[in-house]
Amino acid sequence: MDTLDKMLQMARDAMDRAYAPYSKFSVGAVIKAKSGKLYAGCNVENASYPAGSCAEQGAISAMVLGGDTEIQEMVVMGNGENLVSPCGSCRQRIREFAKSDATIHICDRNGVRKSMTLGELLPVSFGPENLKF
Ligand code: THU
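Quick caveat, the model's predicted, so the values are computed rather than measured.

A. Quick peek at the layout of surface pockets. Estimated volume of the largest pocket: approximately 210 Å³. Looking at side-chain class alone, the lining of the largest pocket contains eight nonpolar, four polar and two charged residues.

B. Representation of the nonpolar core in the model. The biggest cluster of nonpolar side chains holds 23 residues, and the ones touching the most others in it are Ile31, Ile71, Met74 and Ile94. Residues contacting Ile31, with those up to four places away along its chain left out, are Met7, Lys37, Leu38, Tyr39, Ala59, Ile60, Met63, Ile71, Glu73 and Met74. Judged by nonpolar contacts, the second largest core, of nine residues, contains Leu8, Met15, Val30 and Met77.

C. The arrangement of the packing of aromatic side chains in detail. The full count for this structure, using the stated rule, is one aromatic pair. With 5.5 Å between their ring centres and 40° between their planes, Tyr22 and Tyr49 make a pair best called tilted. Remark: Tyr49 occurs in the loop between β2 (38-42) and α2 (55-65) and Tyr22 occurs in the loop between α1 (3-17) and β1 (27-33); sequence separation between them is 27 residues.

D. Looking closely at α1. Relative to the 21 Å expected for 15 residues at 1.5 Å per residue, α1 spans 21 Å between its end C-alpha atoms, a close match to the ideal helical length. Those residues of α1 that fall on the buried side of the exposure criterion are Met7, Leu8, Ala11, Arg12, Ala14 and Met15. Across the axial projection of α1, the buried residues extend over an arc of 160°, all falling on one side. Residues of α1 that are exposed and point over 90 degrees away from its buried face: Asp16 and Arg17. Buried residues along α1 sit against β1, β2, β3 (71-78), β4 (98-108) and β5 (111-117). One side-chain oxygen of the residue at the start of α1 lies 3.2 Å from the amide nitrogen of Leu4, identifying that residue as Asp2.

E. Spatial organisation of the packing of α2 against helix α3 (residues 88-95). Two elements in contact, α2 and α3, have axes separated by 9 Å at closest approach and are oriented at 20°. The angle between α2 and α3 places the two elements in the roughly parallel class. Note on packing geometry: the crossing formed by α2 with α3 is left-handed. Judged by residue contacts, Glu56, Gln57 and Ile60 of α2 engage Cys90, Arg93 and Ile94 from α3. Classifying every residue of the contact of α2 with α3 gives three nonpolar, one polar and two charged.

F. Layout of the site of the ligand. Contacts to the ligand come from Ser23, Phe25, Val27, Asn43, Glu45, Cys54, Ala55, Glu56, Ser85, Pro86 and Cys87. One of the side-chain N or O atoms of Asn43 is found 2.9 Å from an oxygen atom in the ligand. Residue Glu56 places a side-chain N or O atom 2.7 Å away from an oxygen atom belonging to the ligand. Taken by itself the ligand offers 370 Å² of open surface, and the protein chains cover 75% of this.

So, how was this worked out
Residues numbered from 1 in each chain as written. Predicted model: local features only at pLDDT ≥ 70, side-chain atom pairs only at ≥ 80, totals over all residues. Heavy atoms only, no water. 1 Å grid on protein atoms, 1.4 Å probe; cavity = no way out; pocket = protein on both sides within 12 Å on 5 of 7 lines; lining within 4 Å. Points joined across faces, edges and corners; volume = space filled by probe spheres on them. Nonpolar A, V, L, I, M, F, W, Y, C, P; charged D, E, K, R; others polar. Core = buried A, V, L, I, M, F, W, Y, C linked by side-chain atoms within 4.5 Å. Buried < 20%, exposed > 50% of the residue type's maximum accessible area, 1.4 Å probe, protein only. Contact = heavy atoms within 4.5 Å. Phe/Tyr/Trp six-rings, centres within 6.5 Å; stacked < 30°, edge-to-face > 60°. Helix = DSSP H or I, 4+ residues; strand = E, 2+ residues; numbered from the N terminus. Expected span 1.5 Å × (residues − 1). Arc of directions from axis to C-beta. Polar contact = N/O pair within 3.5 Å; in protein donor to acceptor, adjacent residues only side chain to side chain. Axes fitted to C-alpha atoms, helices over the stretch in contact; angles between N-to-C directions. Parallel < 35°, antiparallel > 145°, perpendicular 65-115°, else oblique. Left-handed = near helix turned anticlockwise from the far one by under 90°. Near = heavy atom within 4 Å. Areas by Shrake-Rupley, 256 points an atom, 1.4 Å probe, with all protein chains shown as cover.

Next comes the structure, spelled out in C-alpha cells:
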C-alpha cells in the first residue's frame with residue numbers, strides 16, 4: 001500500500017470516529033509530516049457549537065505532540081456532492097506548519113477528488129515569517 005492509500009484509509013477510519021452528533025457531518029484529516037510520520041484527526045463537536053473543533057485541528061495537535069512541525073501533504077475527507085476543502089480557519093492553521101507548495105488532497109471515502117497546494121487555497125497569506133523581525 002503506498003503512502004497516499006494509507007492516508008486515505010486512516011482518513012476513513014478517522015471519519016468513522018468523528019464526534020458529529022449535531023451536524024452529522026463527519027470529517028477525517030491526515031497529515032504526512034516531513035519526517036514521513038502520519039497523523040490523523042477527526043472533528044469533535046460540542047453542545048456549545050462554537051466550541052467544536054475541525055478534523056484538521058485534531059491532526060495538527062497529534063502532529064505537534066508527535067514531535068513534527070512541518071506538513072508536507074494532507075488528506076481532508078468528507079461526504080457530499082460539494083468538495084470538502086479545509087475551512088478558512090483551518091487553512092490558516094495549516095499555514096502555520098506548511099509551505100505554499102504543500103499538497104492538500106480533497107477527498108471523499110472513495111479517494112481523491114481534487115489536489116491543490118496550500119498556496120492555491122490560501123494565497124498571499126500571513127505566516128510565522130511575518131513575525132520575524
Ligand atoms: N469541519 C471540519 O472538520 N473541517 C473542515 O474543514 C470543514 C468543517 C467540520 C466542523 C463541523 O464539525 C462539521 O464539519 C460541519 O461544519
